[in-house]
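# Understanding the architecture of this molecule
Here are the chains, one letter per residue:
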Amino acid sequence: MGKKPLIVVNFKTYTEGTGENAVRMAKYCEEVSRDSGVDIIACPQTPDIYRVASAVKIPVFAQHIDGVGAGSYTGHITADSIKAAGAGGALINHSERRLVLADIDSALQAAKRSGLTAIICTNNIAVTKAAAVLAPGFVAIEPPELIGSGIPVSKADPDIVRDSVAAVKKIAPDVEVLCGAGISRGEDVAAALELGTAGVLLASGVIKAKDPRAALLDLVKNV
Ligand SMILES: O=C[C@H](O)COP(=O)(O)O
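Residues numbered from 1 in each chain as written. Predicted model: local features only at pLDDT ≥ 70, side-chain atom pairs only at ≥ 80, totals over all residues. Heavy atoms only, no water.

With an unreviewed UniProt entry as reference, the protein chain is termed Triosephosphate isomerase, source organism Candidatus Methanoperedens nitratireducens. The record held by UniProt for the protein chain lists under Subunit (unreviewed entry) the comment "Homotetramer; dimer of dimers." The UniProt entry for the protein chain carries the following comment under Sequence similarities (unreviewed entry): "Belongs to the triosephosphate isomerase family." (UniProt positions renumbered as here; feature names shortened; annotations may be inferred.)

### A look at the side chain of aspartate 188
With respect to the helices, strands and loops of the structure, aspartate 188 is situated in helix 8 (residues 186-194). On the basis of relative accessibility, which here comes to 3%, the residue aspartate 188 falls in the buried class. Contacts of aspartate 188, omitting those with residues within four sequence positions, involve Pro152, Ser154, Lys155, Gly182 and Ile183. (Helix = DSSP H or I, 4+ residues; strand = E, 2+ residues; numbered from the N terminus. Buried < 20%, exposed > 50% of the residue type's maximum accessible area, 1.4 Å probe, protein only. Contact = heavy atoms within 4.5 Å.)

### Some details on unusual backbone geometry
For residues besides glycine, phi is generally negative; the peptide bonds are generally trans as well. Even without being a glycine, lysine 12 presents a positive backbone phi close to 45 degrees. Tracing the backbone shows lysine 12 in the loop between strand 1 (6-10) and helix 1 (20-36). With relative accessibility at 11%, the residue lysine 12 sits in the buried group. Residues other than glycine seldom take positive phi values, yet alanine 135 does so here, at roughly 60 degrees. Mapped onto the secondary structure, alanine 135 falls in the loop between helix 5 (125-134) and strand 6 (138-141).

Listed below in structure tokens is the structure:
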């Protein structure tokens, strides 16, 4: 039996994780979390947060927030609004929704003011270090070229994961590190934990799987 990982499932904008499918996917996450004891966080699209958070007891995170508050900010996603919808946290600076550093900081401060947990995504060691200085709850290192590839970062590029963990622990020991990109099997999760991470951030390995529930069960099988 190994250490318990945190598994963050990003639904992205996949049809299989949108609308009522988002609720179904989150229920699979909840069921596997309950049966395995592994913490699983569901990240549906913003319009699905309320319906998902109303249907499951596992934490629900937004895929993005903006660093603005209440007021004249048409089209922005505020930390308070996702919190009111039932979210407990948010991804910030995902590779598919990148922000400049000042905006990452604003979004993080907004999350903190609203009492939300932030996962800042990073694409290399330099950005990982910058994110660690900001002291979010988590930093998630994801080499963009491996995202959606089915090639697990924890096996294909262990150095970037190991070096990210070392860099973060030196700068901000309380910040936990996740890794993501191409994770789809329990052995990928085990490799991530071996490298010192607290868990993984993944999407297609579950959301695009023929049997998402079976994919989730495989992810937690070594725990
Ligand atoms: O947010 C998740 C990451 O971008 C990884 O995506 P992936 O698991 O489809 O490679």
